[in-house]
Amino acid sequence: MSIEALAANLRGFLKPDQVLTDRQQLRTYECDGLTHYRVVPAIVVLPRTAQECADTVRACADAGVPFVARGSGTGLSGGALPHADGALIVTSQLRAIREVAPQDERAVVEPGVINLQVTRAASPHGYYYAPDPSSQQICSIGGNVAENSGGAHCLKYGFTTNHVTGVEIVTPDGDLVRLGGRAPDTPGYDLLGAFVGSEGTLGIATEVTVRLVRLPETVRTLLAAFPGTDQAGAATSAIIAAGVVPAAVEMMDALAIEAAEAAVHCGYPAGAGAVLIVELDGPQAEVEAQFTAVEAFCQEHGAFEIRIAADDAERALFWKGRKSAFAAVGRISPDYIVQDGVIPRTALPRVLTRIAELASEHGVRVANVFHAGDGNLHPLVLFDETVPGQAERAETVSGAILDICVEHGGSITGEHGVGIDKAKHLPSMYNAADLDTMQLVRCAFDPRGLSNPGKVFPTPRLCGEVPGRHKGTHPLHQPGIAEVF
């Protein structure tokens, strides 16, 4: 079936403004937050109910048209990059908070609900939603589920997967099914665990049941300025080694601080080579005791200035610089690549030194912003695309950073996902047998390979194709749908 025929079919049960085929309208959706990759979709569909989403997917399946789900489009791995010959199904209009149930410590929301809106709905009842990506004011719960998003407070509270107890999904065939529910766990295979973080390759979430967390009795936040990242990293390791688990430990280096100051005027200490933001929450007596220990560790490891937030407004100012860091880099560089890797905390000094060496060798700058507590790095590789060769050098440095993370026992992603950007790096972590096993899971959900094809895996394998090395041209490579690495 042609796209024109599919569009006519969709307009049979959707309103005209829910089916977009005009190229200028389609270009609005050509990329997600990773603007380095751009593809104009063949058609964009904006369902307003779960049933409309299911009917849309079924129409795509019947027509053999691939589809990609998109929420707010804030992803940073190209996970919502459209398919040139496929449909982009945008869930941003499914934005109802269906229920807030403090007695069950649960909320039931549609995928287009913005992350921070869940906390705003729950806070009058004394609860909040813990996962807090830096983009939480605009990112959607559906996207958070797809990418298993984390955030600054994932050190203590975990990632999205730790806070989702159930989902309603549209399968790649167009059926509405439920995985999990309100209970803390369900018997049988953990299909919910497989779905969360599957990056849209196993279907589309149309309803999410999330866990709510009681608002803490006390929150204390400090900002410590250090001569450099080595000292700040040593302080972080000392805090964790002492058995203190803060709600968050965030670090920014001098270049990231420079960008944040230019963008939001956060007023961090002058001359800082690195700053740590450490936040503790919980019972007041416990927080006060741990806070004293944290101050001592920062001083012991070279902090030359420590500021303690006196109230919520000052606490928000501390966080303003960190939360704005990615966008702020645009003030000091016309182009940049946001990377995402994980290392053991103890490897931090060695890895940051190597990143600095790489940047120097290739003539680019790297600003480092990261969740220091759990070793989740977010190096921002700065470049100017108008300067010949800079973009290529930035890409080289970006890929080499991931290699360094794996060499030190880490991962190629902590929370941004694999998407299209890191697919070629997946074999650095997994062997062929591992990748084949993952593909079997994917094929069990989506035997025709229509749901977000070309993402996550370096060489998409058709379901039913025998695992192992193959000769000749891959069926998806010949028409240019997939790249062989």
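Quick caveat: nothing in here was measured; it's all calculated off a predicted structure. (Residues numbered from 1 in each chain as written. Predicted model: local features only at pLDDT ≥ 70, side-chain atom pairs only at ≥ 80, totals over all residues. Heavy atoms only, no water.)

Caption draft 1: How the structure looks around the overall build of the protein. Along the protein, the regular secondary structure elements total 15 helices and 19 strands. Relative to its length of 485 residues, the protein is compact, with a C-alpha radius of gyration of 23 Å against a globular reference of 23 Å. Taken along the three principal axes of its C-alpha coordinates, the protein extends 65 × 55 × 45 Å. Across the 485 residues that make up the protein, the buried fraction comes to 56%. Here the protein has roughly 19,700 Å² of accessible surface; of this, 52% comes from carbon and sulfur atoms. (Helix = DSSP H or I, 4+ residues; strand = E, 2+ residues; numbered from the N terminus. Rg over C-alpha atoms; globule rule 2.2 N^0.38 Å. Buried < 20%, exposed > 50% of the residue type's maximum accessible area, 1.4 Å probe, protein only. Areas by Shrake-Rupley, 256 points an atom, 1.4 Å probe, with all protein chains shown as cover.)

Caption draft 2: Region of the structure containing unusual backbone geometry. The phi dihedral of Glu105 is positive, around 55 degrees, even though this residue is not glycine. Relative to the helices and strands, Glu105 resides in the loop between β5 (97-101) and β6 (106-109). Using a relative accessible area of 33% as the deciding quantity, one classes Glu105 as partly exposed.

Caption draft 3: Main features of the sheet that holds β6. With antiparallel pairing, the five strands of this open sheet are ordered in space as β5-β6-β10-β8-β9. Strands at the two margins of the open sheet, each flanked by one partner only, are β5 and β9 (176-180). Averaged over all adjacent pairs, the angle separating strand axes in this sheet is 10 degrees, with direction ignored. Sheet topology places strand β8 (residues 164-170) next to β9; five bridges connect them, and they run antiparallel. Its bridge partner lying in β9, Gly166 is registered against Gly180. Taken strand by strand, helix α3 (residues 50-63) contacts β8, β9 and β10 (204-211), and its axis lies near 50 degrees from that of β8. Along the sheet, helix α4 (residues 115-122) contacts β5, β6 and β10; its crossing angle with β5, the most-contacted strand, is approximately 45 degrees. (Pairing = 2+ DSSP bridges. Axes fitted to C-alpha atoms, helices over the stretch in contact; angles between N-to-C directions. Contact = heavy atoms within 4.5 Å.)

Caption draft 4: Quick look at the environment of Gly12. Note on placement: Gly12 falls in the loop between α1 (3-10) and β1 (19-20). Here the alpha-carbon distance between Gly12 and Pro82, two residues 70 residues apart in the chain, equals 23 Å.

Caption draft 5: Here's a closer look at the environment of Leu34. Structurally, Leu34 is set in the loop between α2 (23-26) and β2 (43-45). Classification of Leu34 as buried rests on a relative accessible area of 7%. Residues Leu34 and Val65, spaced 31 residues apart in sequence, show a C-alpha to C-alpha distance of 24 Å. What Leu34 contacts, discounting residues up to four positions off in sequence, is Gly75, Leu76, Ser77, Gly78 and Asp421.

Caption draft 6: Quick peek at the pairing of strand β12 (residues 218-226). For β12, the buried fraction is high: eight of the nine residues fall into the buried class. Where β12 meets strand β14 (residues 274-282), nine bridges bridge the pair, whose relative direction is antiparallel. Within the sheet, the bridge partner assigned to Thr221 lies in β14 and is Glu279. As judged from the four bridges shared by β12 and strand β15 (residues 305-308), these two strands associate in the antiparallel manner. Across the sheet, Leu222 pairs through a bridge with Ile308, a residue of β15.

Caption draft 7: Focus on the pattern of salt bridges. Taken as a whole, this structure holds 19 salt bridges when the rule is applied. Across the pair Arg38 and Glu30 runs a salt bridge whose closest N-O atoms are separated by 2.8 Å. A salt bridge links Asp281 to Lys156; the nearest nitrogen and oxygen atoms lie 2.7 Å apart. Taken as a pair, Asp281 in strand β14 and Lys156 in helix α6 (residues 154-157) lie far apart in primary sequence, 125 residues in all. On the basis of relative accessibility, which here comes to 34%, the residue Lys156 falls in the partly exposed class. A single network of salt bridges, built from pairs that share partners, joins Arg98, Glu110, Glu168, Arg178 and Glu207. (Salt bridge = Lys/Arg side-chain N within 4 Å of Asp/Glu carboxyl O.)

Caption draft 8: Structural context of helix α14 (residues 390-407). Here α14 contains 18 residues, and its C-alpha end-to-end distance of 26 Å stays within 8% of the 26 Å for a straight helix at 1.5 Å per residue. Taken together, the buried positions of α14 are occupied by Gln390, Ala391, Ala394, Val397, Ser398, Gly399, Ala400, Ile401, Leu402, Ile404 and Cys405. The inward-facing, buried residues of α14 contact β16 (335-338), β17 (341-342), α13 (348-362), β18 (365-371) and β19 (376-383). Note on α14: the residue one or two positions beyond its end, Gly409, has a positive phi of about 85 degrees. (Expected span 1.5 Å × (residues − 1).)

Caption draft 9: Layout of the layout of surface pockets. There is about 850 Å³ of room inside the second largest pocket. Surrounding the second largest pocket, 28 residues form its lining, Gln136, His153, Glu279, Arg315 and Trp319 being those nearest its centre. At the level of elements, α4, β12, β14 and α11 (312-323) are the ones that each hand at least two residues to the lining of the second largest pocket. With six residues, the single largest contributor to the lining of the second largest pocket is α11. A per-class count over the lining of the second largest pocket returns 11 nonpolar, seven polar and 10 charged. (1 Å grid on protein atoms, 1.4 Å probe; cavity = no way out; pocket = protein on both sides within 12 Å on 5 of 7 lines; lining within 4 Å. Points joined across faces, edges and corners; volume = space filled by probe spheres on them. Nonpolar A, V, L, I, M, F, W, Y, C, P; charged D, E, K, R; others polar.)

Caption draft 10: Spotlight on the packing of aromatic side chains. All chains considered together, the criterion is met by one aromatic pair. Seen from their ring centres, Tyr128 and Tyr157 are 6.3 Å apart, and the 80 degrees between their planes marks the pair as edge-to-face. Highlighted residues: Tyr128 in strand β7 (residues 127-128) and Tyr157 in helix α6, separated in sequence by 29 residues. Note on Tyr128: relative accessible area 13%, which makes it buried. Taking the relative accessible area as the measure of exposure, Tyr157 reaches 17% and is therefore buried. Over the ring of Phe291 we find Arg220; its NZ or CZ atom is 4.2 Å from the centre of that ring. The side chain of Lys323 reaches across the aromatic face of Trp319, ending 6.0 Å from its centre. (Phe/Tyr/Trp six-rings, centres within 6.5 Å; stacked < 30°, edge-to-face > 60°. Lys NZ or Arg CZ within 6 Å of the ring centre and 35° of its normal.)

Caption draft 11: Expanded view of the confidence of the model for the protein. Residues of the protein with pLDDT of at least 70 account for 94%, and the chain-wide mean is 93. Per-residue pLDDT stays below 50 along residues 466-471; that stretch engages in seven contacts with residues further than four places along the chain or on separate chains. Scored below 50 in pLDDT, residues 474-485 shows 22 contacts in the model against residues more than four places distant or in partner chains. (pLDDT = per-residue confidence, 0-100.)

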